[in-house]
Amino acid sequence: MKVLVTGGMGYIGSHTCVQMIEAGITPVIIDNLCNAKREVLNRIKNLTQTTPVFYEGDVRDETLLDRVFSEQKIDSVVHFAGLKAVGESVAKPLEYYDNNVNGSLVLARAMRKAGVKSLVFSSSATVYGDPASVPITESFPTGATTNPYGRSKYMVEECLRDLFYAEPDWSITLLRYFNPVGAHPSGSMGEDPQGIPNNLMPFIAQVAVGRRDHLSVFGDDYATPDGTGVRDYIHVMDLADGHIAAIRGVGNKAGLHIYNLGTGQGSSVLDMVNAFTAACGHDVPYQICPRRPGDIAECWASTAKVEADLGWKATRTVEQMTADTWNWQSKNPNGYE
Ligand code: NAD
Ligand code: UDP
């Protein structure tokens, strides 16, 4: 089976390519390298003894997509490519809608032309906005998003839903990720954010390795057990395996398939700091700061539907997430450079 992986050089895409190769699936990558390094290809090769076919280019380039589909016999597409920084999306909404929404439309059009109608889309728990309760099931309302990034994910979900209603022979899978963290256990692949990290785990990792002097904890007055925000952190290797379960389970079944990819467990900011401290063996300095605008108190997944339908369940613990992140960060203090 051959799968086109858009954004396959990025954080989640690269780990998914490794797991695909291990599972006997052939990934073909298209990535414009706007947020990834070419070195990722070497790391995939060193881990799997396989270098995936790589097209350097943009998913909005329909001519390139036509060429990829004519040169490769693609069975399914996993669409990771997109921009993902919430703060940047507020400053650059046009760039975000163009890349994330328009990019998805161009891709779907090229797929239809090529007769490839199996698509897995990287969505996000952000489409649920501030949920009325936790755990969040897939039937919770979506759309009350608070920033252009979140709205772009919601818009693509709605576009793909309409596409499925109009052309019900498609298999469209919307995977709503909770908080992906961690790294390949070898320490040779991981998250390599450009500039100051927005997300908690890479920030903690950079403090632990000495690149930053402390973590700002955004609020300790939420209605949570220790007052800090609670999220559902999921190991990137589990997330990668979730894509394979989706491709194998529903990728060849016409339908609109929607799944949460999380662990079903919530952890607070301080839980993550404590777990990281244990993993790296020294304190991670932090300061309590005001809440970050737009943040919610708690967000964690119900995993009942994905477990029942796909037989997939996240198995890696918070201890493994922090240990693998530390292994990656300490072996590659400056990321892939
Ligand atoms: P990432 O930035 O590491 O990977 C995205 C990849 O897509 C990068 O390699 C980038 O170079 C490439 N890319 C971007 N725009 C492109 C374009 N127009 N054409 C071709 N390539 C392009 O991000 P990630 O963390 O691996 O996220 C992958 C997907 O999962 C994204 O769609 C993101 O929105 C979604 N997601 C991520 C998270 C998270 O916390 N990491 C959570 C929920 C959803
Ligand atoms: N957070 C924090 N300091 C940081 C980054 C994040 O305290 O430097 C908190 C944030 O307020 C939230 C949690 O960590 O409660 C996860 O934030 P992240 O940005 O990683 O994910 P998201 O907000 O998208 O769930």
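Residues numbered from 1 in each chain as written. Chains lettered and ligands numbered in written order. Predicted model: local features only at pLDDT ≥ 70, side-chain atom pairs only at ≥ 80, totals over all residues. Heavy atoms only, no water.

Short version of the rule: UniProt positions are given in the numbering used here, feature names are shortened, and annotations may be inferred rather than shown by experiment.
Per an unreviewed UniProt entry, the recorded name for the chain is UDP-glucose 4-epimerase, and the organism is Vibrio eleionomae. You can read under Catalytic activity (unreviewed entry) in the UniProt record for the chain the words "UDP-alpha-D-glucose = UDP-alpha-D-galactose".

### A word on the site of ligand 1
Keep this limit in mind: Nearness of a residue to a molecule or strand requires only that one of the residue's heavy atoms be within 4 Å of it. Here a polar contact is taken to be a pair of N or O atoms separated by no more than 3.5 Å, where protein atoms must pair a possible hydrogen donor with a possible acceptor and residues adjacent in sequence count only if both atoms sit in side chains. Residue exposure ignores everything except the shown protein chains as possible cover, and the areas themselves are Shrake-Rupley values with a 1.4 Å probe. Secondary structure counts use DSSP, requiring at least four H or I residues in a row for a helix and at least two E residues in a row for a strand, with both numbered from the N terminus. Residues were grouped as follows: Ala, Val, Leu, Ile, Met, Phe, Trp, Tyr, Cys and Pro as nonpolar; Asp, Glu, Lys and Arg as charged; and all remaining residues, including Gly, as polar.
Among the 27 residues in the neighbourhood of ligand 1, the closest are listed as Ile-12, Asp-31, Asn-35, Phe-80 and Tyr-149. Here an oxygen atom of ligand 1 sits 2.7 Å away from a polar atom, N or O, in the side chain of Asn-35. In the complex, 96% of the free accessible area of ligand 1, which totals 820 Å², lies under the protein chains. Those elements giving two or more residues to the shell around ligand 1 turn out to be helix H1 (11-22), strand S5 (118-124) and helix H6 (148-166). The leading source of residues in the shell around ligand 1 is S5, at 3 residues. Per-class residue counts for the shell around ligand 1 are 12 nonpolar, 10 polar and 5 charged.

### Observations regarding the packing of helix H3 (residues 62-71) against helix H5 (residues 93-114)
What counts here: Axis geometry follows a simple rule: fit a line to the C-alpha atoms, using only the stretch in contact for helices, then measure angles between N-to-C directions, giving values from 0 to 180 degrees. Put simply, a crossing is left-handed when the front helix is turned counterclockwise from the back one by less than a right angle, and right-handed when it is turned clockwise. We call two residues contacting when some pair of their heavy atoms lies within 4.5 Å.
Two elements in contact, H3 and H5, have axes whose closest approach is 10 Å; the angle formed by their N-to-C orientations is 35°. When you trace H3 past H5, the crossing you get is right-handed. Packed against H3, whose contacting residues are Glu-62, Leu-65, Asp-66 and Phe-69, the element H5 presents Val-106, Leu-107, Arg-109, Ala-110, Met-111, Lys-113 and Ala-114 at the interface. Class assignment of the residues belonging to the contact of H3 with H5 gives a composition of 7 nonpolar, no polar and 4 charged.

### Quick look at the packing of aromatic side chains
We apply this condition: Pairs were defined over the aromatic rings of Phe, Tyr and Trp, the Trp ring being its six-membered one, requiring ring centres within 6.5 Å. Orientation was assigned from the angle between planes: stacked under 30 degrees, edge-to-face over 60, tilted for the rest. Working definition: with a 1.4 Å probe on protein chains only, accessible area under 20% of the residue-type maximum means buried, over 50% means exposed, and in between means partly exposed.
One pass over the full model with this rule turns up 4 aromatic pairs. Seen from their ring centres, Tyr-128 and Phe-178 are 6.5 Å apart, and the 35° between their planes marks the pair as tilted. With a gap of 50 residues between them, Tyr-128 in the loop between S5 and H6 and Phe-178 in the loop between strand S6 (171-177) and strand S7 (179-181) connect regions that are remote in the sequence. Phe-178 matches Tyr-128 in its accessibility class, with the two residues each being buried. Taken together, a centroid distance of 6.1 Å and an interplanar angle of 85° make the contact between Phe-276 and Trp-326 edge-to-face.

### A few points about helix H7 (residues 200-208)
Most of H7 is tucked away: 9 of the 9 residues are buried. Burial in H7 covers these residues: Leu-200, Met-201, Pro-202, Phe-203, Ile-204, Ala-205, Gln-206, Val-207 and Ala-208. Contacts from the buried residues of H7 go to S7, strand S8 (215-218), strand S10 (233-235), helix H9 (269-280) and helix H11 (318-331). Backbone geometry just downstream of H7 places Gly-210 in the positive-phi region, at approximately 95°.

### Regarding the environment of Lys-73
Looking at where Lys-73 falls in the secondary structure, it is placed in the loop between H3 and strand S4 (76-79). When its relative accessible area of 66% is taken as the criterion, Lys-73 is described as exposed. Sequence separation between Lys-73 and Gln-287 is 214 residues; the distance between their C-alpha atoms is 53 Å.

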